[in-house]
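Summary of the model geometry
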Amino acid sequence: MSLRFRLICLIAIVLIASLAVEGTIVSFNASRSVQTEMNSALQVGKQIVKSGLAQLPDSTDRRRDLETLVAAFEGNRHLRVSLTGGGAAAVKPSPEGSHFGTVPRWFVRFLGITPVAARVPITIEGQDYGSIVIETDPANEILEVWNDLGDGFSVLALFFGLNILLIYVFIGRVLRPLDHLGLALKQIGHGDYKTRIGGNTVPELARLQCSFNRMASELMEMDEEKRRLNEQLLTLQEEERGEIARDLHDEISPFLFAINVDLAGIARLADQGRSAEIARQTRSALDSVSHIQRQIRTMLGRLRPGVLADFGLAAAIMSMVEFWQRRHPGIHFKVSLPPDAASFGALIDITIYRIVQESLSNAVRHGDPAEILVSVTSVPADGPEPDRVTIEVTNDGHGMDKTAGFGFGLTGMQERVQALGGRLDLMREPEHGLSVTATLPFPAASTQVRAASFAGDA
Ligand SMILES: Nc1ncnc2c1ncn2[C@@H]1O[C@H](COP(=O)(O)OP(=O)(O)OP(=O)(O)O)[C@@H](O)[C@H]1O
Ligand SMILES: [Mg+2]
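Residues numbered from 1 in each chain as written. Chains lettered and ligands numbered in written order. Predicted model: local features only at pLDDT ≥ 70, side-chain atom pairs only at ≥ 80, totals over all residues. Heavy atoms only, no water.

Regarding the domain arrangement of the protein chain
Interfaces are often sized by the accessible area lost when the parts come together. Entries for the protein chain in the domain assignment read domain 1 (3-165), domain 2 (200-303) and domain 3 (306-458). For domain 1 versus domain 2, the distance between C-alpha centres works out to 110 Å. (Domains from an automatic or database assignment.)

Quick notes on a nonpolar patch on the surface
Taken together, the side chains of L158, L162, L165, Y168 and V169 present a nonpolar region at the surface, about 490 Å² in accessible area. Since its relative accessible area comes to 49%, L162 is described here as partly exposed. (Patch = residues over 30% accessible without salt bridge, like charges linked within 9 Å, V, L, I, M, F, W, Y side chains within 5 Å. Areas by Shrake-Rupley, 256 points an atom, 1.4 Å probe, with all protein chains shown as cover. Salt bridge = Lys/Arg side-chain N within 4 Å of Asp/Glu carboxyl O. Buried < 20%, exposed > 50% of the residue type's maximum accessible area, 1.4 Å probe, protein only.)

Remarks on the packing of aromatic side chains
On inspection of all chains with the given rule, the structure shows 5 aromatic pairs. Between W106 and W146, the ring centres sit 5.9 Å apart and the planes meet at 85°, which makes this aromatic pair edge-to-face. Taken together, the positions of W106 in helix α3 (residues 105-111) and W146 in helix α4 (residues 139-189) put the pair 40 residues apart, joining distant regions of the chain. Taking relative accessible area as the criterion, W146 reaches 24% and is therefore assigned partly exposed. With a centroid separation of 4.9 Å and an interplanar angle of 55°, the aromatic rings of F107 and W146 are classed as tilted. Within this pair, whereas F107 is found in helix α3, its partner W146 is found in helix α4, the two being separated by 39 residues in sequence. Given the relative accessible area of 3%, F107 is considered buried. Among the aromatic side chains, those forming a connected cluster through ring pairs are W106, F107 and W146. Here the basic side chain of R4 rests over the ring of Y168, its NZ or CZ set 4.0 Å away from the ring centre. (Phe/Tyr/Trp six-rings, centres within 6.5 Å; stacked < 30°, edge-to-face > 60°. Helix = DSSP H or I, 4+ residues; strand = E, 2+ residues; numbered from the N terminus. Lys NZ or Arg CZ within 6 Å of the ring centre and 35° of its normal.)

Overview of the side chain of S359
Note on placement: S359 falls in helix α9 (residues 346-367). Classification of S359 by relative accessible area gives buried; the value is 4%. Here S359 is in contact with V393, M413 and V436, once residues within four sequence places are set aside. (Contact = heavy atoms within 4.5 Å.)

Thoughts on helix α2 (residues 62-71)
For α2, the complete set of buried residues consists of R62, L66, L69 and V70. Relative to the axis of α2, the buried residues are bounded by an arc of 95° and lie together on one face. Looking at the buried side of α2, the elements it contacts are α1 (3-54), β1 (79-84), β2 (117-124) and β3 (127-136). (Arc of directions from axis to C-beta.)

A word on the coordination of the magnesium ion (ligand 2)
Coordination of the magnesium ion (ligand 2) by the protein comes from E358 (OE) and N362 (OD1), over a distance range of 2.0 to 2.1 Å. In this pair, E358 and N362 are both assigned in helix α9, 4 residues apart and thus about one turn of the helix distant. The exposure class assigned to N362 is buried, which follows from its relative accessible area of 15%. (Donors = N, O, S within 2.8 Å, 3.2 Å for Na, K, Ca; no water.)

Considerations on the pairing of strand β4 (residues 332-337)
Burial along β4 is one-sided: the residues F333, V335 and L337 are buried and none of H332, K334 and S336 is. As paired elements, β4 and strand β5 (residues 371-379) share 5 bridges and run parallel to each other. Among the inter-strand pairings, H332 is bridged to a residue of β5, identified as E371. Between β4 and its parallel partner β5, the chain crosses via α9, and the hand of that crossover is left-handed. (Pairing = 2+ DSSP bridges. Right-handed = clockwise from strand over helix to strand, strands pointing away.)

Some points on the pattern of salt bridges
Working definition: two side chains of opposite charge can pair if their charged atoms are close together. Applying the stated criterion across every chain, the model contains 9 salt bridges. E224 is paired through a salt bridge with R227; the nearest N and O atoms lie 3.3 Å apart. With E224 and R227 both in helix α5 (residues 203-272), this residue pair falls 3 residues apart, about one helical turn. Since its relative accessible area comes to 43%, E224 is described here as partly exposed. For R227, a relative accessible area of 43% corresponds to the partly exposed category. Across the pair R274 and E277 runs a salt bridge, and its minimum N-O distance is 2.8 Å.

If you want it as structure tokens, here you go:
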């Protein structure tokens, strides 16, 4: 059942109940006043009859005067008067005998007006002339009450009907925005985040509209960000592949060729029995092999931070620093890391690695720095503070523009830090570079920090 229909039913029930109560009260009051009026009419009738009878002894034709007295009540609205023979019992008029016109019987019974009657015996100078019976007749009064009630009810029913109609129309108009909202939510559910709701409505629903539109805008932005992230991911993948191809071409292929040449030379020298030169050629081939090994380790460090598990956090960060150093020999890198084997647990290690990775990439891409400082320091528990590790990447470039917002890099960094219950601070003074500091709580024992300085151009 619709909300609108339920409301209308509720209002109609209240109106009908109030009509019923009103009708009962009005009927009750009407019944009392009709009863009072009947009683007083009876008293007046009795007075008239008695004063008429008082003049009968002087009458020349008593029977005719009696009939004239009774006939004087003809057309009376409240009384019926009749002359009965001598010795007749007092007659009790009943409403059933009355003429109630269009008044239904149940209403007459509902009013419960008791008919009253009086009998006045007529005896003059010892002679019995019978009795005059006076009965009240409430039919006219009841008809009047019925008609008044009917008129009153008609006006009220018209008024209530109009009320319900107005409320029906009003509720329909007020609830229309909810229909729009339902439709809009459906469209949002189908991914149409451009959907918005407009139009004038009551303040309560206007707030709902505003909230919906805000939510849709945020969803649209998130969708846009997701799209951007996907594009970026694809671009990064392509760049990464290009990088690997370049590294394989520039760093591995020549050395494989060199090993090939060395091995061919060794074979030739062996045929000629020149053992002294064979040793030199072999050393050269071994150098090439270790270069390739180093190169492959660097590439793995960049490609899969899972090398964290193989080589440790410090080695993975060093490999990353070397990667940037080779591409930006003009930048001086200073690194302060925990000992080689130190680990804060797999999850914290990867978080540290990713924070350093993004901070280094940001510093090089946006800061144009002369020096970058990377430090990972463990801080022992202090009072309520648990053991924690502080990661700091500072560069002395031109700093972060005050208007610059968070992109995916900083947002992702912040999310990672928050997920581990830590905090991220950016000290972004223009012209003074940028300092990114993340503090992560960790349950493991504190680790001794070793300091290292790494200068690519040194
Ligand atoms: N070291 C920095 N020096 C100067 N500006 C910086 C530095 N790091 C970040 N910024 C500013 O903050 C912005 C947001 O950085 P964030 O890493 O979140 O996104 P991004 O680097 O622009 O893009 P990406 O999503 O690829 O990381 C940058 O666009 C840049 O303007
Ligand atoms: Mg970035």
